[in-house]
Amino acid sequence: GNMVEWCLPQDIDLEGVEFKSMASGSHKIQSDFIYFRKGLCFGLACFANMPVESELERGARMKSVGILSPSYTLLYRYMHFLENQVRHQLEMPGHYSHLEAFYDDKKGVLPDSKGTTTSQQPVHWLPSIHRYMYPEMKITHPAGCMSQFIKFFGEQILVLWKFALLRKRILIFSPPPVGVVCYRVYCCCCLANVSLPGLGGTVPESKPFFYVNVADIEMLETEVSYVACTTEKIFEEKRDLYDVYVDNQNVKTHHEHLQPLLKINSADKEKYRRLNDQRQMLMYSQEVGEDCSSCEEDLFILFFMEQNNRIFQTLMEVSASQDKTLTADHARGMGLDPQGDRSFLMDLLEVYGIDVMLVIDNPCCT
């Protein structure tokens with residue numbers, strides 16, 4: 001089995017981290033990186049696998065070198081160091097001086113200045129500075145994961161968006177390597193960003209758990225909302241642990257009342273078309289050299305944040321009105337399909353505790 005070979009500080013509780021930092025099935029691949037959650041901390045580990053002529057090690061030496069921090073948002077900066085160090089540990093096992101020096105240098109840097117342990121602070125943005133949007137939330141380099149996420153899921157991101165906004169338990173399955181799947185967890189959480197002050201103090205936080213395995217089952221049983229990924233197929237059978245299961249590009253749910261949300265409707269298609277139009281315009285402006293500082297990651301996050309803000313702004317205005325009636329025109333104004341998104345809207349009102357009466361007819365036949 002896996003074991004923790006060395007750590008600093010020595011008194012830290014690392015129970016289970018030896019399984020979080022080395023994804024199940026990794027013996028089949030040469031290298032990988034893994035984001036994970038350990039208590040209130042987040043970790044990033046780099047894994048590598050090297051063939052060796054040793055019967056004791058059964059022909060392969062496998063190690064992960066990782067770090068823990070109260071926030072996941074700065075961990076990517078140390079990816080290169082961890083990749084180098086895991087190679088170093090494979091070739092020269094037991095030489096920890098570089099890791100000791102790194103720990104001494106960074107131990108006061110990794111936590112954010114407020115010393116908070118939340119993964120994302122509420123974001124209040126001004127349109128004039130949106131191109132510099134909260135770099136502290138970036139998990140990877142700007143050229144990174146958002147465009148891959150859109151290309152991979154296509155219109156299905158609108159299905160994931162609804163489940164993320166409803167704070168469902170979303171589990172993404174993929175065989176190793178798991179690094180790129182950890183990025184999908186992050187992108188999924190970004191779909192649900194809302195920047196309206198005073199909204200949803202009672203709503204569960206959207207938690208990126210990143211990589212989970214069977215050792216996390218007990219912890220997942222107590223969670224009401226999370227987004228995570230796994231390489232272990234056994235999770236599919238454990239339906240009480242998740243609401244939404246994503247296998248490759250296939251998004252599914254075993255809850256009957258959530259089934260209507262799996263269907264792409266006309267408003268979803270329109271949103272996806274607008275998102276792609278904006279991406280095309282961004283690419284064109286970069287080609288002609290007008291605006292190279294804007295990046296796709298900002299565009300993606302802002303697109304969904306503006307969409308979410310519009311929905312909640314309307315719902316809050318209707319709930320503050322005299323008759324509290326939400327009509328088909330309201331739904332269209334929020335960019336939703338009055339019929340196709342009816343069950344989504346009803347769930348949304350319930351999850352966020354918004355007092356509104358829905359008067360959109362749901363025809364049984366059309």
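Structure: above.
Residues numbered from 1 in each chain as written. Predicted model: local features only at pLDDT ≥ 70, side-chain atom pairs only at ≥ 80, totals over all residues. Heavy atoms only, no water.

Caption draft 1: Structural detail: the packing of aromatic side chains. A complete count under the given rule lists 21 aromatic pairs for this structure. On the basis of an interplanar angle of 70 degrees and a centroid distance of 5.3 Å, the ring pair of phenylalanine 149 and phenylalanine 153 is categorised as edge-to-face. On the criterion of helical spacing, the pair formed by phenylalanine 149 and phenylalanine 153 is a turn pair, its members being 4 residues apart in helix H4 (residues 145–153). For phenylalanine 153, a relative accessible area of 5% puts it in the buried group. Between the aromatic rings of phenylalanine 312 and tyrosine 352, the centroid separation amounts to 4.6 Å while the plane-to-plane angle is 55 degrees, which identifies the pairing as tilted. One end of the pair, phenylalanine 312, is in helix H9 (residues 296–320); the other, tyrosine 352, is in helix H11 (residues 342–352), with 40 residues separating them in the sequence. Pair check on accessibility: phenylalanine 312 and tyrosine 352 agree, each one buried. (Phe/Tyr/Trp six-rings, centres within 6.5 Å; stacked < 30°, edge-to-face > 60°. Helix = DSSP H or I, 4+ residues; strand = E, 2+ residues; numbered from the N terminus. Buried < 20%, exposed > 50% of the residue type's maximum accessible area, 1.4 Å probe, protein only.)

Caption draft 2: Region of interest: the packing of H4 against helix H6 (residues 179–190). Taken N-terminus to C-terminus, the directions of H4 and H6 make an angle of 90 degrees; their axes are 10 Å apart at the nearest point. Taken as axis vectors, H4 and H6 run roughly perpendicular relative to one another. Taken together, the residues of H6 that come into contact with H4 (itself represented by Cys145, Met146, Gln148, Phe149, Phe152 and Phe153) are Val180, Tyr183, Arg184, Tyr186, Cys187, Cys188 and Cys190. Across the contact of H4 with H6, the residue classes tally to 11 nonpolar, 1 polar and 1 charged. (Axes fitted to C-alpha atoms, helices over the stretch in contact; angles between N-to-C directions. Parallel < 35°, antiparallel > 145°, perpendicular 65-115°, else oblique. Contact = heavy atoms within 4.5 Å. Nonpolar A, V, L, I, M, F, W, Y, C, P; charged D, E, K, R; others polar.)

Caption draft 3: Summary view of the pattern of salt bridges. All told, the structure shown has 16 salt bridges when counted by the stated rule. Between lysine 207 and glutamate 223 there is a salt bridge, with its nearest N and O atoms 3.1 Å apart. Remark: glutamate 223 occurs in the loop between helix H7 (217–220) and strand E6 (226–230) and lysine 207 occurs in the loop between H6 and strand E5 (208–211); sequence separation between them is 16 residues. A single network of salt bridges, built from pairs that share partners, joins Lys233, Glu236, Asp247 and Lys252. (Salt bridge = Lys/Arg side-chain N within 4 Å of Asp/Glu carboxyl O.)

Caption draft 4: Structural view of the state of the cysteines. Tallied over the entire structure, the rule returns 0 disulfides. In this model cysteine 189 remains outside any disulfide bridge; the closest cysteine sulfur is found in cysteine 188, 6.6 Å from its own. Relative accessible area serves as the criterion here: at 2%, cysteine 189 is assigned to the buried category. Residue cysteine 229 stays outside any disulfide, its sulfur separated by 4.0 Å from that of cysteine 182, the closest cysteine. The buried category is assigned to cysteine 229, whose relative accessible area is 0%. (Disulfide = S-S within 2.5 Å.)

Caption draft 5: Local environment of unusual backbone geometry. The amide bond that connects leucine 8 to the next residue, proline 9, takes the cis arrangement and shows omega of -10 degrees. Look at the link from proline 176 to proline 177: it is a cis peptide, with omega at 5 degrees. Relative to the elements of secondary structure, proline 177 occurs in the loop between strand E4 (169–173) and H6. A positive phi angle, near 55 degrees, is found at phenylalanine 210, a position not held by glycine. Note that phenylalanine 210 resides in strand E5. Relative accessible area serves as the criterion here: at 0%, phenylalanine 210 is assigned to the buried category.

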